[in-house]
Amino acid sequence: MSLLNFGFTQEKKGHGVAEDQCKRSADGPAAADEVQTKNKKYDTQRKRLFLPQWKTKWLWVVYDEEKGVMFCQTCRKYPSLADKSSPLFSGTSNFRVDLVKSHQRSREHEACGMRIQHESKERATTELKGRIYSSIQKGLETVNLSFEKLQPTAPGPSLACANFDGCNVMLGQRGGVISQIKEVIPTALEIHCVAHKLERAVLDASKSCPQM
Ligand SMILES: [Zn+2]
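Residues numbered from 1 in each chain as written. Predicted model: local features only at pLDDT ≥ 70, side-chain atom pairs only at ≥ 80, totals over all residues.

## A look at the overall build of the protein chain
Moving on, step 1. What the protein chain contains, in helices and strands, is 10 helices and four strands.
Moving on, step 2. Secondary structure elements of the protein chain, listed N to C terminal, follow the sequence α-α-α-β-β-α-α-α-α-β-α-α-β-α.
Moving on, step 3. Per-residue burial for the protein chain yields a buried fraction of 8% across its 212 residues.
Moving on, step 4. Looking at the protein chain alone, contacts between residues at least 24 apart form 45% of all its contacts between residues at least 6 apart. (Helix = DSSP H or I, 4+ residues; strand = E, 2+ residues; numbered from the N terminus. Buried ≥ 20, exposed ≤ 12 C-beta atoms within 10 Å, placed from the backbone. Contact = placed C-beta atoms within 7 Å.)

## So, the packing of helix 7 (residues 107-142) against helix 9 (residues 177-184)
Moving on, step 1. Closest axis-to-axis distance for the helix 7/helix 9 pair is 10 Å, and the angle between their directions is 75°. Between helix 7 and helix 9, the angle falls in the class roughly perpendicular. Mapping the contact onto sequence places K129, I132, Y133 and I136 in helix 7 and V177, Q180 and I181 in helix 9. (Axes fitted to C-alpha atoms, helices over the stretch in contact; angles between N-to-C directions. Parallel < 35°, antiparallel > 145°, perpendicular 65-115°, else oblique.)

## A look at the nonpolar core
Moving on, step 1. In terms of nonpolar packing, the biggest core is built from 11 residues, these being W60, V61, M70, F71, C72, C75, A82, L88, F89, V100 and C112.
Moving on, step 2. Among the secondary structure elements, those contributing two or more residues to this core are strand 2 (69-72) and helix 5 (87-90).
Moving on, step 3. Residue contacts for V100: discarding those within four places in its chain leaves W54, W58 and V61. (Core = buried A, V, L, I, M, F, W, Y, C linked by C-beta atoms within 7 Å.)

## Section: the confidence of the model for the protein chain
Moving on, step 1. Looking at the protein chain, pLDDT values average 83 and 84% of them are 70 or higher.
Moving on, step 2. Overall, residues 11-20 carries pLDDT values under 50, and its contacts beyond four positions in sequence, including any with other chains, amount to seven contacts. (pLDDT = per-residue confidence, 0-100.)

## Points about the environment of V177
Moving on, step 1. Mapping V177 onto the fold places it in helix 9.
Moving on, step 2. You can call V177 buried: it has 22 C-beta atoms within 10 Å.
Moving on, step 3. C-alpha separation for the pair V177 and S135, spaced 42 residues apart in sequence, amounts to 9.4 Å.
Moving on, step 4. Once you skip the residues sitting within four places of it in the chain, V177 turns out to touch I132, I136, F164, V169 and M170.

## A look at helix 10 (residues 194-207)
Moving on, step 1. Between the first and last C-alpha of helix 10 there are 20 Å, a value that for 14 residues agrees with the 20 Å anticipated at 1.5 Å per step.
Moving on, step 2. Of all the 14 residues making up helix 10, zero are buried; the element is thus mostly uncovered. (Expected span 1.5 Å × (residues − 1).)

## Regarding the environment of C161
Moving on, step 1. If you trace the backbone, C161 turns up in strand 3 (residues 161-164).
Moving on, step 2. Taking the number of C-beta atoms within 10 Å as the measure of exposure, C161 has 11 and is therefore exposed.
Moving on, step 3. Sequence separation between C161 and I185 is 24 residues, and the spatial gap between their C-alpha atoms is 9.9 Å.
Moving on, step 4. Among all residues touching C161, those that are not within four sequence positions of it are A188, L189, E190 and I191.

## Focus on helix 9
Moving on, step 1. For helix 9, the complete set of buried residues consists of V177, Q180 and I181. End-on view of helix 9: buried residues confined to an arc of 95°, all on one side of the axis.
Moving on, step 2. Looking at the buried residues of helix 9, the elements they touch are helix 7, strand 3 and helix 8 (168-171). (Arc of directions from axis to C-beta.)

Rendered as structure tokens:
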């Protein structure tokens, strides 16, 4: 049994869109179209704001407070790769989240993002090379040597070869210690340490032999 039978009254439904939705179900397709048009008008006319949390969600989004626009700093960094017709390239005050999301998915934005990744990788490699180079220099100084003194043209003994274990840091041809040495002394030869190789061989052999 309903409480209405005991004098209770039913609370009126909400206003605005909720009320419209009630109307839509009650009044048929014509009323539904009217509601849709009204909602669309409201959606296009309402003033949207840039949400600060977008900057942490999409690190490429920048909000220019002075101009009141948001833009993509990644695409602006590479205008030759970016889609210059994108509102996020020129800067837009249309603060719609779907606009940000569709820009994120665009081919041009992805290309710009990949370029940034590539450049930061290159920068890291260059920094690592610099650190390896200065470490070698410090090591040589501890035994009163330097790259200059070890040049084949310099008086006294020169560097003919360098002996390493087989790890990439030492023998890597792109960023390893030997590649750094060869940039200064191109005639230097790298040798994979024989004693070290023997040690590895003995260790491997012992693992496969239960008696050891
Ligand atoms: Zn972009």
